[in-house]
Amino acid sequence: MAIRRRGKKSWEVCVELGHDPLTDKRRRAVQNVKGTRRDALLVQTQLSAQRDTGIDLEPSRLTLAAYLDRWLASIRPDIAPATYTRYEGIVRVQIKPHLGAISLTKLRPLHVQEFYARLRRSGRVNGGPLAARTVLHTHRVLSTALNRALQTQLIGRNVCEAVRAPQAQRPELRVFGGDETRALLTAAEAADSVCASVIAMAVHTGMRQGELLGLRWKAVDLERTVITVRTTLQRDRGGGFSFREPKTSRSRRSIPVGGAGVDVLRRVRARQLRERLAAGRAWKDADLVFASATGAPLTVKALQHAFHQLLRANGLPRIRFHDLRHTHASLLLLRGANPKVVSERLGHTTVAFTLDTYSHLLPGLQEDAARDLDAWLRSSS
């Protein structure tokens, strides 16, 4: 704390506020006082008392834009690069232009409600309406950031909780049936490339794209025919990469692999040994199962290009790479697999989430179960 004379009858009072809970930087409250030194001492005492009772002396000067910048900086070390890029883009493109100038403590539910309506009406860069799902993502990012402000006592409530979250329909799942899946696996085996092998293992295991690209040989047990999901590959804007743990504890899991999947892995290992010998000192040893001809990680762009090229060349419908994960789950459920087993293979947080995601399959499964039970009851009577 300090009092400094600024003029004949003016003083500057400075009170230390401790370190910023988001950035850990030093913070101060500064106030100019006209009058005597005794007046300045009285203001200093009042500010100190407010600080000591937990009243933040700064947030009224903090705009939402400035707070969001601090929030992004604070969470960056703890989230995946792709997640940070998505959050930063939503903050920069959607939230800041509309709400950024508002004081953090003066943000009201009406501001947020009107903001969502504006996004749905003309939120795109070209002035067109923003997709409902994107508006929902924006709501989640803003609410998450304000929850952190609430926890650190910068605000008294999260105004997003008083606003109805934008509604977005879940997109219809596009999956391959049995014949299309067999055709894809046959085409992948014929292609005999590392990208084709990734595609085949997505079908055999239901693993996520990042989990497959980050899979290392130390997590593969060919004798026990089990893959342990321990890491996922994340790329940053500069083209570098890092291995990160999966988001949840359920995502860290062991996946038994069938014989056809093991055969794919054995072919990958044999091909990789030949490429390693050919590369010599140029080989980059990251212990990756699916790597380039020099051992470097595959890029998402290369994998996506190879996937869609394989679909087109074999007359198969165009789907997303992630839909192979849905295909894996759907085929298991249609074959009568226990939903809990499917949930564990996919690394879902709960079985309820698995059932909700693949609810379109349940009517048919229930009819089959009813017929099986009826046949058994008739035969036993």
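This structure is a prediction, so every number in the text was calculated from the model and none was measured.

Chemist: Outline unusual backbone geometry, supporting the account with residue identities and numerical values.
Modeler: The backbone of threonine 225 sits at a positive phi, close to 55°, despite the residue not being glycine. Looking at the secondary structure, you find threonine 225 in the loop between β4 (220–221) and β5 (226–229). Phi at aspartate 287 is positive, roughly 65°, even though this residue is not glycine. Positionally, aspartate 287 belongs in the loop between α9 (259–279) and α10 (300–313).

Chemist: Give a detailed account of the nonpolar core, specifying residues and quantitative values.
Modeler: Nonpolar side chains tend to gather and get buried jointly when the protein is soluble and globular. Judged by nonpolar contacts, the single largest core of 41 residues is most densely connected at Leu184, Phe290, Phe321 and Leu324. Elements with a contribution of two residues or more to this core: α6 (178–191), α7 (194–205), α8 (209–213), β5, α9 and α10. Sorting elements by how many residues they give to this core places α7 first, with nine residues. Ignoring anything within four residues of it in the chain, the contact list for leucine 324 reads Leu184, Ile199, Ala202, Val203, Phe307 and Ile319. Membership of the second largest hydrophobic core comes to 32 residues, among which are Leu64, Trp71, Ile75 and Leu107.

Chemist: Outline helix α11 (residues 323–334), supporting the account with residue identities and numerical values.
Modeler: Taking 1.5 Å per residue, twelve residues should reach 16 Å; α11 reaches 16 Å between its end C-alpha atoms and fits that length. Most of α11 is tucked away: nine of the twelve residues are buried. For α11, the set of buried residues is Asp323, Leu324, Arg325, His326, Thr327, His328, Ala329, Ser330 and Leu333. Among the residues trailing α11, glycine 336 stands out with phi positive, at a value near 95°.

Chemist: An account of the pattern of salt bridges is requested, with residue identities and associated values reported.
Modeler: A full pass over the atoms with the stated rule returns 13 salt bridges. Where arginine 276 meets aspartate 285, a salt bridge forms, and the shortest distance between an N and an O atom there is 3.0 Å. Look at arginine 276 and you get partly exposed, because its relative accessible area is 37%. On the accessibility criterion, aspartate 285 (53% relative accessible area) is exposed. Connected through salt bridges with shared partners, the residues Arg4, Arg6 and Glu12 form a single ionic network.

Chemist: Describe in detail the environment of tyrosine 358, supporting the description with residues and values.
Modeler: By secondary structure assignment, the location of tyrosine 358 is in the loop between α13 (351–357) and α14 (362–380). In sequence terms tyrosine 358 and leucine 333 are 25 residues apart; their C-alpha atoms lie 8.7 Å from each other. When sequence neighbours within four positions are dropped, the list of residues in contact with tyrosine 358 reads Leu173, Arg325, His326, Ala329, Ser330, Leu333, Leu346 and His348. Within polar-contact distance, the side chain of tyrosine 358 engages the side chain of histidine 326 at 2.9 Å.

Chemist: Summarise the sheet that holds strand β8 (residues 253–256); cite the residues concerned and give the values.
Modeler: By definition, the strands of a sheet pair up through backbone hydrogen bonds, in either a parallel or an antiparallel sense. As summarised here, the arrangement of the three strands in space is β4-β5-β8, forming an open sheet in which the pairing is antiparallel. With one partner strand each, in any of the chains shown, β4 and β8 form the two edges of the open sheet. Relative to β8, β5 runs antiparallel, the two sharing four bridges. From the neighbouring strand, threonine 228 faces β8, where its bridge partner is serine 254.

Chemist: An account of α6 is needed here, citing residue identities and associated values.
Modeler: When the terminal C-alpha atoms of α6 are compared, their 20 Å separation across 14 residues agrees well with the 20 Å that a helix rising 1.5 Å per residue should span. Contacts from the buried residues of α6 go to α7, α10 and α11. Backbone geometry just after α6 places aspartate 192 at a positive phi near 50°.

Chemist: Give a description of the packing of α11 against helix α12 (residues 339–346) that names residues and reports values.
Modeler: For the pair α11 and α12, the least separation of the axes is 10 Å and the interaxial angle reads 160°. By the angle between their directions, the pair α11 and α12 is classed as roughly antiparallel. In terms of crossing hand, the pair formed by α11 and α12 is right-handed. Across from Arg325, His328, Ala329, Leu332 and Leu333 in α11, the residues of α12 making contact are Pro339, Val342, Arg345 and Leu346. Looking at the contact of α11 with α12, its residues break down into six nonpolar, one polar and two charged.

Chemist: I'd like a description of the side chain of histidine 348, backed by residues and values.
Modeler: You can see histidine 348 is positioned in the loop between α12 and α13. Apart from residues lying up to four places away in sequence, histidine 348 is in contact with Arg250, Arg325, Ser343, Phe353, Thr354 and Tyr358.

What counts and how
- Residues numbered from 1 in each chain as written.
- Predicted model: local features only at pLDDT ≥ 70, side-chain atom pairs only at ≥ 80, totals over all residues.
- Heavy atoms only, no water.
- Helix = DSSP H or I, 4+ residues; strand = E, 2+ residues; numbered from the N terminus.
- Core = buried A, V, L, I, M, F, W, Y, C linked by side-chain atoms within 4.5 Å.
- Buried < 20%, exposed > 50% of the residue type's maximum accessible area, 1.4 Å probe, protein only.
- Contact = heavy atoms within 4.5 Å.
- Expected span 1.5 Å × (residues − 1).
- Salt bridge = Lys/Arg side-chain N within 4 Å of Asp/Glu carboxyl O.
- Polar contact = N/O pair within 3.5 Å; in protein donor to acceptor, adjacent residues only side chain to side chain.
- Pairing = 2+ DSSP bridges.
- Axes fitted to C-alpha atoms, helices over the stretch in contact; angles between N-to-C directions.
- Parallel < 35°, antiparallel > 145°, perpendicular 65-115°, else oblique.
- Left-handed = near helix turned anticlockwise from the far one by under 90°.
- Nonpolar A, V, L, I, M, F, W, Y, C, P; charged D, E, K, R; others polar.

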